[in-house]
Amino acid sequence: MLDRIQVTKEVEEMCCVKRGVKGVPAPIPQEGQWTKCKEIKDISGLTHGCGCCAPQQGTCKLTLNVKEGIIQEALVETIGCSGMTHSAAMAAEILPGKTILEALNTDLVCDAINVAMRELFLQIVYGRTQTAFSDNGLPVGAGLEDLGKGLRSQVGTIFSTKQKGPRYLEVAEGYILATGLDKNGEIIGYKFVRVGKMLEMIREGMDPKEAYEKNIGTYGRFAEAVKVIDPRKD
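To keep things clear, this report deals only with the structure shown in the data block. Predicted model only: the values in this text are computed from it and were never measured. (Residues numbered from 1 in each chain as written. Predicted model: local features only at pLDDT ≥ 70, side-chain atom pairs only at ≥ 80, totals over all residues. Heavy atoms only, no water.)

## As for the overall build of the protein
In plain terms, the rule: Helix and strand labels come from DSSP, where a helix needs a run of H or I of at least four residues and a strand needs a run of E of at least two; each type is numbered from the N terminus. Classification of residues uses two cut-offs on accessible area relative to the type maximum, computed with a 1.4 Å probe and protein chains only: under 20% is buried, over 50% is exposed, and between them is partly exposed. A contact between two residues is defined here by any heavy atoms of the two lying within 4.5 Å.
Looking only at helices and strands, one finds 6 helices and 11 strands in the protein. Dimensions of the protein, computed from the C-alpha atoms along their principal axes, are close to 85 × 45 × 30 Å. Looking at the protein as a whole, 34% of its 234 residues are labelled buried. Counted over contacts in the protein with a minimum sequence separation of 6, partners at least 24 positions apart contribute 51%.

## Observations concerning helix α2 (residues 82–94)
Short version of the rule: This arc describes the spread of directions from the helix axis toward the C-beta atoms.
Along α2, the positions that sit buried rather than exposed are Met84, Ser87, Ala88 and Ala91. Seen end-on, α2 carries its buried residues on one side only, within an arc spanning 110°. Along α2, exposed side chains directed more than 90 degrees from the buried face belong to Ser82, His86 and Glu93. For α2, the elements touching its buried residues are β4 (59–67), β5 (70–79) and α4 (111–125).

## Things to note about the sheet that holds β4
Threshold: For two strands to count as paired, DSSP must find a minimum of two bridges between them. Axis definition: a line fitted to C-alpha atoms, limited for helices to the stretch in contact. Angles are taken between N-to-C directions and run from 0 to 180 degrees.
If you walk across this open sheet you meet the 3 strands as β3-β4-β5, and the pairing is antiparallel. The strands lining the two open edges of the sheet, one partner per strand, are β3 (45–52) and β5. Averaged over all pairs of adjacent strands, the angle between their axes in this sheet comes to 15°, without regard to strand direction. Relative to β5, β4 runs antiparallel, the two being bridged by 9 bridges. Its bridge partner being in β5, Val66 is matched across the sheet by Ile71.

## Observations concerning the nonpolar core
Heads up, the rule is: Among the buried residues, those of types Ala, Val, Leu, Ile, Met, Phe, Trp, Tyr and Cys that are joined through side-chain atoms within 4.5 Å form a nonpolar core.
Membership of the largest hydrophobic core comes to 25 residues, with the highest contact counts inside it found for Cys60, Leu62, Leu64, Leu95, Ile113 and Met117. Elements that contribute at least two residues to this core include exactly β4, β5, α2, α3 (100–104) and α4. With 7 residues, the single largest contributor to this core is α4. Those residues in contact with Met117 that sit more than four places away from it in its chain are Leu62, Leu64, Leu95, Ile100, Ala103, Leu104 and Leu108.

## Side note on the side chain of Asn215
With respect to the helices and strands, Asn215 occurs in the loop between α6 (208–214) and β10 (216–220). Residues in contact with Asn215, not counting those within four places in the same chain, are Phe192, Val193, Arg194, Lys197, Met198 and Met201.

Below you can see the structure in the form of structure tokens.
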């Protein structure tokens with residue numbers, strides 16, 4: 001490669017001057033170590049990042065677990081665009097086994113996933129991972145811990161209008177069944193169902209009605225509500 005490098009006539013005619021100072025990579029924190037990274041194989045870490053597509057109609061949250069430059073684990077979560085779920089399925093097949101440099105230069109099908117990959121690359125190579133100060137980082141499979149029991153993404157969906165106010169539709173705990181209001185008509189709590197846990201119980205043979213009832217919970221001062229409304233109807 002070096003013998004094929006072309007230089008201009010002006011440079012060719014210059015005399016050689018030796019460089020006295022040779023900079024070295026600044027150490028970055030990686031999995032409990034301070035590392036001077038010179039090659040892709042020197043990079044390790046687990047981290048998360050988000051990206052949106054060009055028209056900003058959808059978003060991807062990407063989690064990667066990198067060991068010695070190779071992506072060992074990928075969690076692809078998408079919201080806002082139906083086509084992104086198919087793109088996520090393809091990206092999940094593409095990412096593991098690639099170096100982070102390969103992944104950065106691979107078409108991950110969806111703009112939002114590509115942007116998330118770019119953001120993660122910057123975090124990882126600059127030592128800004130979630131595991132920067134954790135000895136040996138996290139084991140492969142740690143990405144699933146973000147999803148909790150039921151292995152569902154932490155999704156929040158809130159709709160609001162000036163005329164009628166907010167409607168809680170889904171929060172991290174689950175699907176909203178009812179919202180509790182105080183005497184001023186302000187939200188003081190809600191009732192929800194843990195969808196992931198409910199579906200697991202049904203899959204294991206429990207009667208759907210029983211599984212539904214077992215996974216209902218409340219948050220805030222729902223029990224003190226003066227009025228209870230169904231956010232999808234009232």
